[in-house]
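# Structural characterization, general
Each chain, letter by letter, is given below.
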Amino acid sequence: MTRRESREAAMCLLYEYSYNTHKTPGEIVNAAVENREEKLSGFTRELFTGACSRLPEIDTILTASADNWRLGRIARVPLAVLRLAVYELLTTGPENEKIVINEALEICRAYADEKAVAFVNGVLSKAVVAVGGART
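Description of the structure in this document. Only a predicted model underlies this, so the values are computations on that prediction, with no experimental measurement involved.

What counts, and where the lines are drawn
Residues numbered from 1 in each chain as written. Predicted model: local features only at pLDDT ≥ 70, side-chain atom pairs only at ≥ 80, totals over all residues. Heavy atoms only, no water. Helix = DSSP H or I, 4+ residues; strand = E, 2+ residues; numbered from the N terminus. Rg over C-alpha atoms; globule rule 2.2 N^0.38 Å. Buried < 20%, exposed > 50% of the residue type's maximum accessible area, 1.4 Å probe, protein only. Contact = heavy atoms within 4.5 Å. Lys, Arg positive; Asp, Glu negative; His and termini not counted. Charge placed at Lys NZ, Arg CZ, Asp CG, Glu CD. Polar contact = N/O pair within 3.5 Å; in protein donor to acceptor, adjacent residues only side chain to side chain.

For the protein chain, the helix and strand inventory stands at 7 helices and 0 strands. The C-alpha atoms of the protein chain give 14 Å as radius of gyration, which agrees with the globular expectation for 136 residues (14 Å, within 12%). Principal axes of the C-alpha set define a box for the protein chain whose edges measure 40 × 30 × 30 Å. By the burial criterion, 46% of the 136 residues in the protein chain qualify as buried. A separation of at least 24 residues holds for 73% of the contacts in the protein chain among residues at least 6 apart in sequence. In the protein chain, which carries 17 positive and 18 negative side-chain charges, the distance between the mean positions of the two groups comes to 4 Å.

Here the focus is the environment of Thr49. With respect to the helices and strands, Thr49 occurs in helix α3 (residues 42-53). Sequence separation between Thr49 and His22 is 27 residues, and the spatial gap between their C-alpha atoms is 15 Å. Engagement of the side chain of Thr49 in a polar contact is seen with the backbone oxygen of Arg45, the distance being 2.7 Å.

Treat this as a map of the structure, not an account of what it does.
Okay, here's the thing in structure tokens:
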């Protein structure tokens, strides 16, 4: 599984989690493993569980970065892409910002329309600034 495929799988898990918040991230991963022919990579698991563990922080950054948009109004695919990208921005160095944003846009392009891609690009460009002081 390539890193992009891992990111894509993690985005799909985040998308599913948005519908099944009563389940734990572990239950979502276990169900995905049972229903997939291909195994989930360690990177996929790390991205998904890491993003889930920091959702309140990620959502705070997204709320501040998505001008005049409540998270509940954002379609679930772009929201999952944004959450994944912000998690990666928080946990990687500034040298990876362009890679993270490009990967997010390509994944969004595969699952949503160009308006969503433009929206994600705009939100991430603002999120990069917000994330600058919050990296760990």
